[in-house]
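# Remarks on the overall topology
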Amino acid sequence: MRISVIGCGYLGAVHAAAMASLGHEVVGIDVDEAKIEALRAGIAPFHEPGLPELLTEAGATGRLRFSSDIAAAAEATVHFIAVGTPQVRGSNAADLTYVDAALADLLPHLAPGDVVVGKSTVPVGTAARMQDVLAEGAPGAILAWNPEFLREGFAVKDSLTPDRIVVGLPRDADAAATAEAAMREVYADALATDTPLVLTDFATAELVKVAANAFLATKISFINAMAEIAEATDADVTQLADAIGFDARIGRRFLGAGVGFGGGCLPKDIRGFIARAEELGRAESVAFLKEVDAINLRRRQKVVDHVVDLLDGEPFGKKVAVLGLAFKPHSDDVRDSPALDVAVRLKGLGADVRATDPYAIPNARRLHPQLDFRESFDDTVADADVVVLVTEWDEYRYLDPGALGEVVAQRRVVDGRNSYDPAAWHAAGWTYRGLGRPQLGE
Ligand code: UGA
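Residues numbered from 1 in each chain as written. Predicted model: local features only at pLDDT ≥ 70, side-chain atom pairs only at ≥ 80, totals over all residues. Heavy atoms only, no water.

## So, the overall build of the protein chain
If you tally the helices and strands in the protein chain, you get 18 helices and 14 strands. On C-alpha atoms alone, the protein chain measures out to a radius of gyration of 23 Å, which is about the 22 Å that the 2.2 N^0.38 rule sets for 442 residues. Counting only C-alpha atoms and orienting by the principal axes, one finds that the protein chain spans roughly 70 × 50 × 40 Å. Out of the 442 residues belonging to the protein chain, those deemed buried represent 54%. (Helix = DSSP H or I, 4+ residues; strand = E, 2+ residues; numbered from the N terminus. Rg over C-alpha atoms; globule rule 2.2 N^0.38 Å. Buried < 20%, exposed > 50% of the residue type's maximum accessible area, 1.4 Å probe, protein only.)

Here it is as structure tokens:
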């Protein structure tokens, strides 16, 4: 297939490279010249394991090109829209400016029979509106909706071998048949290995995406709510999660209690869902998502409170080593990152915060240049009064508490991801504070 991918961010760049590696002719298009230059040179503009290799491999086949000129889309017959839908400033709603602009820019380059495929996460009802725009501006072009479920850090694997493919098709039978045939060809490899395919309508396809993210966010906030109860009762939320997770109906994944969820998707998607449900007159149906959001944000403050508590209520001028800035490991993304938020809050209390991360420092610095970033781990923890783990990169998860104890000023640790063995740290002389776990020391 000849494919264009409009928008080369976390989603589009990986999708373009994956499609090319599956044998399609792909052009990735983005308005950001610098991003296009980097991608052309085989350089991933963000940290995503496996993406540089995929770009190089696909680039060498000649099937993957990048352009900042939307006219390059004219050669393709399937056009994926993969631009961002960030949260509107001062509102819960999703900002559709980029989606609308991408479609408007694409219109003059579409031919009858072309299939435009929405991949961006949008409020339900957007596809129906876009179909009207398409009918007006490019008669004969067809819309399909194909939400994306890739996780940052595993984006290459998730794109090449998705766990399901969901396609929303138009009501018109001929248009639906054309779109379905195109999508079956695009995803022929995955479908050949029995990847489940859900063919549905636009609204369901749009909702599947936000419902999935809302469910994941709810699962995390559920266990974090249990952490709050555990804190009031001296119970251990990690054992609780293990125990309920053995029930196959519940499952242990996404029951990691800690500083909570962040990133460019879960937080803004639940808020966008709340805003859209209000517009639909169904505010009460997802009112619980406000609580999901509130629990999540409370956990960030809990980490800060633990630090302040370990500093006897006087954080001013104290050296706090913050381990991690990315919203999760294997990513350099700091959008709505709990880790970065904790660092900023501690700095706001006057603490002498030194923050480190293997990949996310440049992005964190752009947002919060006031923070003291340290490239070197040793530099970060030297003479620390408290060590705070907020992104569970392997290099921080598997620290030796004995060796670390030799270089800090005080053996006090806040384990914002419940990654450490409290007994081992306590045995090495540390005062340990986790989230929803019995506290050890002092
Ligand atoms: C999420 C979804 O998992 C993807 O399926 C979806 O495609 C993507 O959003 C999207 O909408 O594009 P992602 O944002 O990459 O993917 O991150 P997740 O792996 O879902 O993690 C989200 C946050 O939850 C992270 O901050 C992570 O640290 C946190 N988390 C995760 C927990 O606090 N506890 C857990 O047990 C699991």
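## What about the environment of Asp357?
Looking at where Asp357 falls in the secondary structure, it is placed in the loop between strand 10 (352–356) and helix 14 (361–367). On the basis of relative accessibility, which here comes to 2%, the residue Asp357 falls in the buried class. Along the chain, Asp357 and Arg252 lie 105 residues apart, while their C-alpha atoms are 27 Å from each other. When near neighbours in sequence (up to four residues on either side) are disregarded, Asp357 contacts Gly324, Leu325, Ala326, Thr391, Trp393 and Tyr396. A polar atom in the side chain of Asp357 sits 2.8 Å from the backbone nitrogen of Ala360. One polar contact links Asp357 to Trp393, side chain to side chain, over a distance of 3.0 Å. (Contact = heavy atoms within 4.5 Å. Polar contact = N/O pair within 3.5 Å; in protein donor to acceptor, adjacent residues only side chain to side chain.)

## Observations regarding the site of the ligand
If you check the shell around the ligand, you find 21 residues, and the closest are Leu150, Glu152, Lys209, Asn213 and Gly256. One nitrogen or oxygen atom from the main chain of Gly262 is found 3.0 Å from an oxygen atom belonging to the ligand. Elements represented by at least two residues in the shell around the ligand include exactly helix 9 (202–233) and helix 11 (266–279). It is helix 9 that provides the largest number of residues to the shell around the ligand, a total of four residues. The class makeup of the residues in the shell around the ligand is 10 nonpolar, four polar and seven charged. (Near = heavy atom within 4 Å. Nonpolar A, V, L, I, M, F, W, Y, C, P; charged D, E, K, R; others polar.)

## Some points on unusual backbone geometry
Positioned with a positive phi, Phe254 is a non-glycine residue whose angle comes to about 65°. You can see Phe254 is positioned in the loop between helix 10 (237–245) and helix 11. For Asp312, which is not a glycine, the phi torsion comes out positive at approximately 55°. In this structure, Asp312 sits in the loop between helix 12 (288–310) and strand 9 (319–323).

## Some remarks on the pattern of salt bridges
A complete count under the given rule lists 34 salt bridges for this structure. The partner of Asp158 in a salt bridge is Arg151, with the nearest N and O atoms 2.8 Å apart. On the basis of relative accessible area, Asp158 is assigned to the buried category, the value being 11%. By relative accessible area, which is 29% here, Arg151 ends up partly exposed. In this structure, Glu228 engages Arg299 in a salt bridge whose closest nitrogen and oxygen atoms are separated by 3.7 Å. One end of the pair, Glu228, is in helix 9; the other, Arg299, is in helix 12, and 71 residues separate them in sequence. If you follow the salt bridges from partner to partner, you end up with Glu228, Glu231, Glu291, Arg298, Arg299 and Lys302 in one network. (Salt bridge = Lys/Arg side-chain N within 4 Å of Asp/Glu carboxyl O.)

## Comments concerning helix 4 (residues 97–106)
For helix 4, the full list of buried residues reads Val99, Ala102, Leu103 and Leu106. Seen end-on, helix 4 carries its buried residues on one side only, within an arc spanning 95°. (Arc of directions from axis to C-beta.)

## Details of the packing of aromatic side chains
To describe a pair of aromatic rings, you give the distance between the ring centres and the angle between the ring planes. One pass over the full model with this rule turns up five aromatic pairs. Arranged with centres 4.4 Å apart and planes meeting at 35°, the rings of Tyr10 and Phe46 form a pair that is tilted. In this pair, Tyr10 sits in helix 1 (residues 10–21) while Phe46 sits in the loop between helix 2 (33–40) and helix 3 (51–60), placing the two residues 36 residues apart along the sequence. By the burial criterion, Tyr10 is buried, and Phe46 matches it. In textbook terms, an aromatic cluster arises when at least three aromatic residues are bridged by ring pairs, as seen for Tyr420, Trp425 and Trp430. Taking NZ or CZ as reference, Arg164 lies 3.5 Å from the ring centre of Phe149, over its face. (Phe/Tyr/Trp six-rings, centres within 6.5 Å; stacked < 30°, edge-to-face > 60°. Lys NZ or Arg CZ within 6 Å of the ring centre and 35° of its normal.)

## As for the pairing of strand 12 (residues 386–389)
The two faces of strand 12 match: Val386 and Val388 on one face and Val387 and Leu389 on the other face are all buried. Two elements, strand 9 and strand 12, share four bridges in a ladder whose sense is parallel. Across the sheet, the residue bridging to Ala321 is Val387, located in strand 12. (Pairing = 2+ DSSP bridges.)

## Let's talk about the nonpolar core
Leu346, Val387 and Tyr420 are the most contacted members of the largest nonpolar core, which totals 47 residues. For this core, the secondary structure elements donating two or more residues are helix 12, strand 9, helix 13 (338–348), strand 10, helix 14, strand 12 and strand 13 (412–415). Excluding residues within four positions of it along the chain, Leu346 makes contact with Val304, Val307, Val320, Val322, Ala351 and Val353. By size, the runner-up hydrophobic cluster in this structure holds 45 residues, among which are Tyr10, Ala20, Ala44 and Phe66. (Core = buried A, V, L, I, M, F, W, Y, C linked by side-chain atoms within 4.5 Å.)

## Points about the domain arrangement of the protein chain
Buried accessible area, meaning the area lost when the parts come together, often serves as the stated size of an interface. For the protein chain, the assigned domains are domain 1 (2–195), domain 2 (210–293) and domain 3 (295–433). Measuring from the centre of the C-alpha atoms in domain 1 to the corresponding centre in domain 3 gives 37 Å. Contacts between domain 1 and domain 3 engage eight residues on the former and 10 residues on the latter. Interface area, domain 1 with domain 3, both sides summed: about 700 Å², of which 49% is carbon and sulfur. Together, Tyr10, His47 and Glu152 form the three largest contributors to the area buried by domain 1 at its contact with domain 3, with a combined 75%. Our count for the domain 1 to domain 3 interface comes out at one salt bridge. Among the salt bridges present, the one from Arg335 reaches Glu152, with a minimum N-O distance of 3.2 Å. For the interface between domain 1 and domain 3, the tally reads five residue pairs in polar contact (both at pLDDT 80 or more). Tallied by class, residues from the side of domain 1 that touches domain 3 come to four nonpolar, two polar and two charged. (Domains from an automatic or database assignment. Buried area = accessible area lost by both parts, 1.4 Å probe.)

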